[in-house]
Amino acid sequence: QLQASGGGLVQAGGSLRLSCAASGNIFSISTMTWYRQAPGKQRELVASITRGALTNYADSVKGRFTISRDNAKNTAYLQMNSLKPEDTAVYYCNAGVRTPSSNYYGSYWGQGTLVTVSS
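What counts, and where the lines are drawn
- Residues numbered from 1 in each chain as written.
- Predicted model: local features only at pLDDT ≥ 70, side-chain atom pairs only at ≥ 80, totals over all residues.
- Heavy atoms only, no water.
- Helix = DSSP H or I, 4+ residues; strand = E, 2+ residues; numbered from the N terminus.
- Rg over C-alpha atoms; globule rule 2.2 N^0.38 Å.
- Buried < 20%, exposed > 50% of the residue type's maximum accessible area, 1.4 Å probe, protein only.
- Contact = heavy atoms within 4.5 Å.
- Areas by Shrake-Rupley, 256 points an atom, 1.4 Å probe, with all protein chains shown as cover.
- Salt bridge = Lys/Arg side-chain N within 4 Å of Asp/Glu carboxyl O.
- Pairing = 2+ DSSP bridges.
- Axes fitted to C-alpha atoms, helices over the stretch in contact; angles between N-to-C directions.

Asks: How would you summarise the overall build of the protein chain if you had to cite specific residues and measurements?
Replies: Within the protein chain one finds 0 helices and 11 strands. Reading the protein chain from its N end, one meets helices and strands in the order β-β-β-β-β-β-β-β-β-β-β. Taking 14 Å as the expected radius of gyration for a compact globule of 119 residues, we find that the protein chain reaches 14 Å, a close match to that expectation. Taking all 119 residues of the protein chain together, 43% fall into the buried category. A separation of at least 24 residues holds for 54% of the contacts in the protein chain among residues at least 6 apart in sequence. Accessible surface, the protein chain: about 6300 Å² in total, of which carbon and sulfur atoms supply 47%.

Here is the structure:
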């Protein structure tokens, strides 16, 4: 129900734009969040955005990454600039999704997209 895309191989200093598209029987989406997990490390929060566009960033990406969303397309984006080798990880998106038949938001995960930054 969540499809992450846009990963790839980029040189240090380069840019990538990730997308997270939600599909299916959706009534509403609350907060959309990007996480990442580097080899041998725990998954960490990268950035989040509420439905009202309030954003939050990990200190390590502030000033370099920008999260945004298009509510009409049920899609969130992560614009990543000035990439560093330490940004190499699998990036996952997460969203709170409410279906028409439910009174609560369930947590859904995308499949992950690999970002590799070479030095």
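Asks: If you had to explain the pattern of salt bridges to someone new, which residues and values would you point to?
Replies: A complete count under the given rule lists 4 salt bridges for this structure. Between Arg36 and Asp87 there is a salt bridge; the shortest N-O distance is 2.9 Å. With Arg36 in strand 4 (residues 28–37) and Asp87 in the loop between strand 8 (75–80) and strand 9 (89–98), this pair connects stretches of sequence that are 51 residues apart.

Asks: Mind laying out the sheet that holds strand 3 (residues 16–22), listing which residues take part and the relevant values?
Replies: Across the sheet, 4 strands lie side by side as 1-3-8-7; this open sheet has antiparallel pairing. Edge strands, defined here as strands with exactly one partner in the open sheet, are strand 1 (2–5) and strand 7 (65–70). The mean angle between the axes of side-by-side strands here comes to 15 degrees, regardless of whether they run parallel or antiparallel. Examined bridge by bridge, strand 1 and strand 3 share 4 bridges and lie antiparallel to one another. Following the sheet pairing, Ser5 is matched in strand 3 by Ser19.

So far we have only geometry, and geometry alone does not tell us how the molecule works.
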